Amino acid sequence: RYTKPGEWVVVPGKVLGAGELDHPVVVAAFAFSKSAKKKIERAGGRCITLYELASERPLGSNVRIIG
C-alpha cells in the first residue's frame, strides 16, 4: 500500500512477509524472510542487496526509503 508499480524501495533492516503485494517493485534490504522474498518475486518484483542497489542506482535517484 506504500508503493507504486515499478518503484525502487530501500528498507533499512529486514523485510518480513506480512501483508500482500499485487504489483512489481524492486526492494533493497539487509535481509528478507523467505515469505517476503516469495511474495515480492510472485508479484514480479526483485529482492536485491544494498550493495546491488548502489551498483544499479549509484546516485540514489528515484529510490524511496521505507522504514
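Heads up: the structure comes first, above all this text.
Just so you know, these numbers come straight off a predicted model, no measurement behind them. Residue numbers restart at each chain and count upward from 1, following the sequence in its written direction. A pLDDT threshold of at least 70 governs which residues receive local features in this predicted model, and a stricter bar of 80 or more applies before side-chain atom pairs are shown or counted, although totals over entire chains, interfaces and linings include all residues. Each side-chain value is worked out from all heavy atoms of the structure, with water and hydrogens disregarded.

(A) Geometry of the nonpolar core. In plain words, nonpolar cores are sets of buried Ala, Val, Leu, Ile, Met, Phe, Trp, Tyr and Cys residues tied together by side-chain atoms within 4.5 Å. Accessible area is worked out with a 1.4 Å probe on protein chains only. A residue is then buried under 20% of its type maximum, exposed over 50%, and partly exposed in between. Residues Val-9, Val-11, Val-15, Val-25, Val-27, Ala-29, Ala-36, Ile-40 and Cys-47 constitute the largest nonpolar core, which totals nine residues. To qualify as a helix, a DSSP run of H or I must reach at least 4 residues; to qualify as a strand, a run of E must reach at least 2; elements of each kind are numbered from the N terminus. Mapped by element, the contributors of at least two residues to this core are β1 (8–15), β2 (26–32) and α1 (34–42). Element by element, the count of residues in this core is highest for β1, at three residues. Contacts are assigned to residue pairs with any non-hydrogen atoms lying within 4.5 Å of each other. The contact partners of Ala-36, leaving out residues within four places of it in the chain, are Val-15, Leu-16 and Gly-17. If you look at the next biggest cluster of nonpolar residues, it comprises six residues, including Trp-8, Val-10, Val-26 and Ile-48.

(B) Up close: the sheet that holds β1. When DSSP finds two or more bridges between two strands, those strands count as paired. Taken in spatial order, the four strands make up an open sheet running β3-β2-β1-β4, and their pairing is parallel. Edge positions in the open sheet fall to β3 (46–48) and β4 (63–65), since each of these has one partner strand only. In this sheet, adjacent strand axes meet at a mean angle of 30 degrees when their direction is disregarded. Of the pairings in the sheet, the one linking β1 to β2 comprises six bridges and is parallel in character. Considered in β2, the bridge of Val-9 is made with Val-27. To obtain an axis, a line is fitted to C-alpha atoms, over the contacting stretch when the element is a helix, and the angle between two such axes runs from 0 to 180 degrees between their N-to-C directions. Across the sheet, α1 lies against β1, β2 and β3, angled at about 170 degrees from β2, the strand it touches most.

Note that all results are geometric; they support no functional claim without further evidence.
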